[in-house]
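In case you want the letters, here they are:
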Amino acid sequence: MREFVAGLRMFARGCGIVLRSPRLLLLGALPALLTTLLLLGGLVALVYWVDELVTWMTPFAADWADGLRLALRVTVGLAVVGAAVALGVVTFTALTLLVGGPCYERIAEVVDDGLGGTPDSAEASWLRSFVRGTVDSVVLVAISALVAVVLFPAGFIPVVGQTVVPVLGTCVGGWMLALELVGVAFQRRGLRLGDRHRALRRRRALTLGVGVPVYLLCAIPFAALLVMPAAVAAGTLLARAVLPDAAAQPDRQRDGAVAPAGRSG
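Residues numbered from 1 in each chain as written. Predicted model: local features only at pLDDT ≥ 70, side-chain atom pairs only at ≥ 80, totals over all residues. Heavy atoms only, no water.

Draft legend 1. Geometry of the overall build of the chain. Looking only at helices and strands, the chain features eleven helices and zero strands. For the chain, the N- to C-terminal ordering of α and β elements is α-α-α-α-α-α-α-α-α-α-α. Counting only residues that meet the buried cut, the chain has 41% of its 265 residues in that class. For the chain, long-range pairs separated by at least 24 residues make up 80% of all intrachain contacts whose partners lie at least 6 apart in sequence. About 13,600 Å² of surface is accessible on the chain, with carbon and sulfur atoms providing 70% of the total. (Helix = DSSP H or I, 4+ residues; strand = E, 2+ residues; numbered from the N terminus. Buried < 20%, exposed > 50% of the residue type's maximum accessible area, 1.4 Å probe, protein only. Contact = heavy atoms within 4.5 Å. Areas by Shrake-Rupley, 256 points an atom, 1.4 Å probe, with all protein chains shown as cover.)

Draft legend 2. Focus on the side chain of Thr36. In this structure, Thr36 sits in helix H2 (residues 22-57). Using a relative accessible area of 8% as the deciding quantity, one classes Thr36 as buried. For Thr36, the contacting residues outside a window of four places in its chain are Phe92, Phe222 and Leu225.

Draft legend 3. Structural detail: helix H9 (residues 204-218). In this model, H9 (15 residues) spans 21 Å end to end at C-alpha, consistent with the 21 Å of a helix rising 1.5 Å per residue. Taken together, the buried positions of H9 are Leu206, Thr207, Gly209, Val210, Gly211, Val212, Pro213, Val214, Tyr215 and Cys218. Buried residues along H9 sit against helix H1 (2-19), helix H3 (66-99), helix H6 (164-181), helix H8 (193-201) and helix H10 (224-242). (Expected span 1.5 Å × (residues − 1).)

Draft legend 4. Quick peek at the confidence of the model for the chain. Averaged over all residues, the pLDDT of the chain equals 81, while 87% of them reach at least 70. Here helix H11 (residues 245-248) stands out as the element of the chain with the lowest mean pLDDT, 45, in contrast to H1, whose mean of 93 is the highest. (pLDDT = per-residue confidence, 0-100.)

Draft legend 5. Quick peek at the packing of aromatic side chains. In total, this model carries two aromatic pairs according to the counting rule given. Their ring planes at 85° and their centres at 5.1 Å tell us that Tyr48 and Trp49 sit as a pair that is edge-to-face. Like Tyr48, the residue Trp49 is exposed in the burial classification. (Phe/Tyr/Trp six-rings, centres within 6.5 Å; stacked < 30°, edge-to-face > 60°.)

Draft legend 6. Spotlight on the packing of H6 against H9. At a minimum axis distance of 7 Å, the contact between H6 and H9 shows a crossing angle of 100°. Here H6 is positioned roughly perpendicular relative to H9, judged by the angle of their axes. In contact with Gly169, Thr170, Cys171, Gly173, Gly174, Trp175, Leu177, Ala178 and Leu181 of H6, H9 contributes Arg204, Thr207, Leu208, Gly211, Val212, Val214, Tyr215 and Leu216. When the residues that make up the contact of H6 with H9 are grouped by side-chain class, the tally is ten nonpolar, six polar and one charged. (Axes fitted to C-alpha atoms, helices over the stretch in contact; angles between N-to-C directions. Parallel < 35°, antiparallel > 145°, perpendicular 65-115°, else oblique. Nonpolar A, V, L, I, M, F, W, Y, C, P; charged D, E, K, R; others polar.)

Draft legend 7. Region of the structure containing the packing of H9 against H10. As a packed pair, H9 and H10 sit with axes 10 Å apart at the nearest point and diverge in direction by 170°. Between H9 and H10, the angle falls in the class roughly antiparallel. Contact residues: Leu206, Thr207, Val210, Val214, Leu217 and Cys218 in H9; Ala224, Val227, Ala231, Ala234, Leu238 and Ala241 in H10. Here the residues of the contact of H9 with H10 are counted per class, giving eleven nonpolar, one polar and no charged.

Draft legend 8. Inspection of H1 at higher detail. Compared with an ideal rise of 1.5 Å per residue, which puts 18 residues at 26 Å, H1 spans 26 Å between its outermost C-alpha atoms and is within 8% of the ideal. Inspection of H1 places Gly7, Met10, Phe11, Gly14, Gly16, Ile17 and Val18 among the buried residues, and these make up the whole buried set. As for H1, its buried residues are in contact with H2, helix H4 (101-114), H9 and H10.

Draft legend 9. Examining the pattern of salt bridges more closely. For the structure on display, the rule yields eight salt bridges. A salt bridge links Arg106 to Glu109; the nearest nitrogen and oxygen atoms lie 3.7 Å apart. Placement of both Arg106 and Glu109 in helix H4 is noted, with a separation of three residues, approximately one turn of the helix. Exposure remark for Arg106: the relative accessible area of 23% places this residue in the partly exposed category. A salt bridge links Asp112 to Arg188; the nearest nitrogen and oxygen atoms lie 2.7 Å apart. With Asp112 in helix H4 and Arg188 in helix H7 (residues 183-188), this pair connects stretches of sequence that are 76 residues apart. One network of salt bridges, with partners in common, ties together Glu105, Asp112, Arg188, Arg189 and Arg240. (Salt bridge = Lys/Arg side-chain N within 4 Å of Asp/Glu carboxyl O.)

As C-alpha cells, this is what we get:
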C-alpha cells in the first residue's frame, strides 16, 4: 500500500512539474486535444449505432418477452460502451504519444535534465523512434483488446461483474497505461517494450499508483488535455525510479545527495 501511495504522489509531482510551466502544459495538451476529438467522435458514433450492434449480437433474444429482451440488450449495450471506453483510454494514450512524440520527448527531457540528465541517452531519428513506438503501441493495444474480450462476459456475472470486474479492469488498464507512459523515457535510454515490462514488474504497486489515476482521469472527456502532459512527466519519474540506479539516477552524487531540479520549460 505504501508503494501505491508513493505512485500517487509521483503522479501529483508530475502534475506540479507541468503546472509550473504553461509552455510544457500547452505542448502536451495539443496532441491530446487532437486525439480526444478523434476518439470522442468514434464513441459518439458507437453510442448512436449501439442499438443495431446489440441487436446483431443477441439474435437469440428475438423471441423473448419484451421486458426480458430489453433488459438483456440494455445490459449488453452498457457493457459494449464500457468496454469501448476502457479500450479507448489505452488507445488514446498510444495514439497521443505517437502523434505528439516530439512534444512528449521534450517533456521527458525537461524532467530528466531537472534531475541530473540521462546517462548514455540513445540518439535515434524521429522516423526510427516513430516506427518503434508504433510497433510497441500496437502490441499493447492488442493485449488490452484481448483483456477486454476476456473481461466482457465476466461483466454479466451478478455481483462479481459489478464489483470485481471493474476493479480488475481498472488495474489492468492502469498497468497498460504505465507501460505506455514510461515509453518515452525508456526510448531515450535505448530500451524497448520488454525492458519496460521487466522493470515495472519489480515495482508493481508503485506502477499502479501512477497508472490507475491516469487511467481513471483519461476516461473523462477533455480531462486528458491536462492529464497527458502530467502523465508523461510522471512516467519519466517512474522510469527513473524503476531503472537501475546507475542508469536511472545520474543525479545521485558521491555523498548521496540529489542534484536540484533544473528549469521546467
